[in-house]
Amino acid sequence: MHHFHLCDGVLHAEDVPLDRIAEAVGTPVYVYSTATLVRHARVFRAALAGLDDPLIAYAVKANPNAAVLRTLARERLGADAVSWGEVARALHAGVPAERIVLSGVGKTGDEMAAALRAGILQFNIESEQEAHTLSAVAAALDLTAAVAVRVNPDVDAGTHAKISTGKSENKFGIPYARAAAAYALCASLSGLEPVGIAVHIGSQLTDLAPLERAFERIGQLIAELRAAGHPVHRADLGGGLGVPYDADQPAPPTPEAYGAMVARVTEGWDVRLIFEPGRALVGNAGVLLTRVIRVKAGAEHPFVVVDAGMNDLIRPTLYDAWHDFRAVAPRGERFTANVVGPVCETGDTFATARPMDRVGEGDLLAFMTAGAYAATMASTYNSRPLTPEAIVSGDRWAVTRERQPIEALIAMDRLPPWLSEENK
Ligand code: LLP
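Owing to the predicted nature of the structure, the values given are computational and were not obtained by experimental measurement. (Residues numbered from 1 in each chain as written. Predicted model: local features only at pLDDT ≥ 70, side-chain atom pairs only at ≥ 80, totals over all residues. Heavy atoms only, no water.)

Visitor: Requested: an account of the pattern of salt bridges, with residues and values cited.
Guide: If charged atoms from side chains of opposite charge come close, those side chains can pair. For the coordinates displayed, the defined rule picks out 13 salt bridges. A salt bridge links Arg384 to Asp312, with the nearest nitrogen and oxygen atoms 2.7 Å apart. Of the two residues, Arg384 sits in the loop between strand E19 (364–367) and strand E20 (389–393) while Asp312 sits in the loop between strand E15 (303–306) and helix H11 (315–319), which places them 72 residues apart along the sequence. Here Arg401 and Glu389 are joined by a salt bridge, their closest N and O atoms 3.2 Å apart. Of the two residues, Arg401 sits in strand E21 (residues 396–401) while Glu389 sits in strand E20, which places them 12 residues apart along the sequence. By relative accessible area, which is 5% here, Glu389 ends up buried. (Salt bridge = Lys/Arg side-chain N within 4 Å of Asp/Glu carboxyl O. Helix = DSSP H or I, 4+ residues; strand = E, 2+ residues; numbered from the N terminus. Buried < 20%, exposed > 50% of the residue type's maximum accessible area, 1.4 Å probe, protein only.)

Structure (structure tokens):
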């Protein structure tokens, strides 16, 4: 469910016609819907209503835009961060430190120290080596780090290989067989307090069965740890719930079905559950608005050349991801076309032989479900400045990230002395 809909023949975000934003800000531009963000946060919370005080820690990586973060922080969501930068952004947006979890295989000592000083809730550690480093950092600061041991349960999440994280060959987590020993290690190290177990097996999951298998293994581990005399207070079940990208494909499981599965599997665990949803909260709360530069004749189908490129939205070329397209002012006609960007790579292709709304030069097109892993993965490849972002709330809208001027991009470069003006 989202709040992008046709009204008087024009695609709107809530009560704002998208062409108005395109006129004012130019294209390409990401547009987010506050109502959709709020709705998803509430639906997710309602789906977990049977659980005792769960923490929903929004996965900041999905969309770290300040307005998105603050909207979710106002819904009392926490944050799952994977860098000090994400912790800093979450704090800046108003997420209290005691709702922030820090994950990631490559936390540096400096990041650990900054997060410890900020007083975050928990570090999800991903290796024994990391435990030693965190211990040394915490001890030097005379602070205690609450840690959860992230377990790699060796479960195939059945998603795209580049976003699967819970198989033994993936870099994430500590193998199940070593997890109890890693927990004991944490208990023995100064400055660390093991508080729980964490797991995350992948993203855009369209089947609950692998999640259930992973959670069952976590349940066994908790029992094993307690039998060995370790206290276990929390279980962080990660994120991963998929969203519908393609209206013609079966819809992924609902948050309700996910919540019911979690309630069943975790019954009797007697822990505080933490969740790290990203895409499920923000995925279809955003669109990428783009304008058709021209329609070029192709061998079989026309090429719709739009002003957004793979640098603005990399998901199609990186993961073969599907995004639906909708004309902002549909004429009621359809055609089959290839949708491509202006970047000089064949991979700058958003869709091939796609049946879609007929569009022509100058028309606006919306890439749907572009709220997650979209603006945040943008680059300046081909010297294309970073895409601006706007957010709508009812009939109000505002730019929440300015379009980066090319001058700003150029100004970041420095010439070495031997090439500078004076020495020309
Ligand atoms: N927790 C951890 C430890 C994660 O690694 C991730 C995502 C999440 C939570 C949030 O997962 P979600 O609920 O959003 O599925 N760029 C890719 C997705 C990468 C996901 C990385 N980790 C894409 O565009 O599909």
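Visitor: Lay out the site of the ligand with the relevant residues and their values.
Guide: As a structural note, the neighbourhood of the ligand is formed by 18 residues, with Ser203, Glu276, Arg315, Tyr319 and Tyr373 the closest of them. Note that a nitrogen atom of the ligand is positioned 3.3 Å from one of the side-chain N or O atoms of Asp80. Note that a nitrogen atom of the ligand is positioned 2.5 Å from one of the side-chain N or O atoms of Glu276. Surface burial for the ligand is 92%, taken as the share of its 590 Å² of free accessible area covered by protein chains. Considering only residue class, the shell around the ligand consists of 6 nonpolar, 6 polar and 6 charged. Shared between two domains, the shell around the ligand holds at least three residues of each, these being domain 1 (4–31 + 283–411) and domain 2 (34–279). (Near = heavy atom within 4 Å. Polar contact = N/O pair within 3.5 Å; in protein donor to acceptor, adjacent residues only side chain to side chain. Areas by Shrake-Rupley, 256 points an atom, 1.4 Å probe, with all protein chains shown as cover. Nonpolar A, V, L, I, M, F, W, Y, C, P; charged D, E, K, R; others polar. Domains from an automatic or database assignment.)

Visitor: Can you tell me about the side chain of Asp324, naming the residues and giving the values?
Guide: The residue Asp324 is located in the loop between H11 and strand E16 (325–327) in this model. The side chain of Asp324 is buried and forms no salt bridge, while Arg354, the nearest opposite charge, is found at 4.1 Å. A distance of 3.4 Å separates a polar side-chain atom of Asp324 from the backbone nitrogen of Ala247. (Lys, Arg positive; Asp, Glu negative; His and termini not counted.)

Visitor: Hey, could you go over the nonpolar core for me, with residue numbers and the actual values?
Guide: Membership of the largest hydrophobic core comes to 101 residues, with the highest contact counts inside it found for Tyr58, Phe123, Phe215, Tyr258 and Trp269. For this core, the element with the highest residue contribution is helix H8 (residues 209–227), accounting for 7 residues. A domain split of this core shows at least three residues from each of domain 1 (4–31 + 283–411) and domain 2 (34–279). Those residues in contact with Phe123, other than ones at most four positions away along the chain, are Leu102, Lys107, Met112, Ala115, Leu116, Leu134, Ala145, Ala146, Val147 and Ala148. Core analysis: the next-biggest nonpolar cluster, separate from the first, contains 19 residues, Phe4, Val10, Val25 and Ala366 among them. (Core = buried A, V, L, I, M, F, W, Y, C linked by side-chain atoms within 4.5 Å. Contact = heavy atoms within 4.5 Å.)

Visitor: Explain the sheet that holds strand E3 (residues 16–17) to me, using residue names and the numbers behind them.
Guide: Pairing in this open sheet of 3 strands is antiparallel, and the strands run E1-E2-E3 from one edge to the other. Taken across any chain shown, the strands that pair with only one partner, and hence form the sheet edges, are strand E1 (4–7) and E3. With 2 bridges joining them, strand E2 (residues 10–13) and E3 adopt antiparallel strand pairing. In the sheet register, His12 faces E3, and the bridge partner there is Pro17. (Pairing = 2+ DSSP bridges.)

Visitor: Could you give me a rundown of the pairing of strand E4 (residues 29–33), with the residues and numbers involved?
Guide: In terms of burial, E4 is largely enclosed, as 5 of its 5 residues are buried. Side chains Val29, Val31 and Ser33 of E4 all project onto a buried face; the interleaved residues Tyr30 and Tyr32 project onto the opposite face, where all are buried too. For E4 and E20, the ladder comprises 4 bridges, and the chain directions are parallel. Note that in E20 the partner of Tyr32 across the bridge is Ile391.

Visitor: So what's going on with the packing of aromatic side chains? Which residues, and what values?
Guide: On inspection of all chains with the given rule, the structure shows 6 aromatic pairs. Judged by centre distance (6.5 Å) and plane angle (20°), the ring pair of Tyr30 and Tyr32 falls under stacked. Pair check on accessibility: Tyr30 and Tyr32 agree, each one buried. Both rings, one in Phe44 and one in Phe275, keep their centres 6.4 Å apart while their planes meet at 75°; by these two values the pair is edge-to-face. Taken together, the residues span a long stretch of sequence, with Phe44 in helix H2 (residues 34–47) and Phe275 in strand E13 (residues 272–275) at a distance of 231 residues. This pair shows no difference in class: Phe44 is buried, exactly as Phe275 is. Here the aromatic residues Phe44, Tyr258 and Phe275 are joined through ring pairs into a cluster of three or more. The ring of Tyr176 carries Arg217 above its face, with NZ or CZ at 4.0 Å from the centroid. A cation over a ring is seen here: Arg354 above Trp322, with NZ or CZ 3.4 Å from the ring centre. (Phe/Tyr/Trp six-rings, centres within 6.5 Å; stacked < 30°, edge-to-face > 60°. Lys NZ or Arg CZ within 6 Å of the ring centre and 35° of its normal.)

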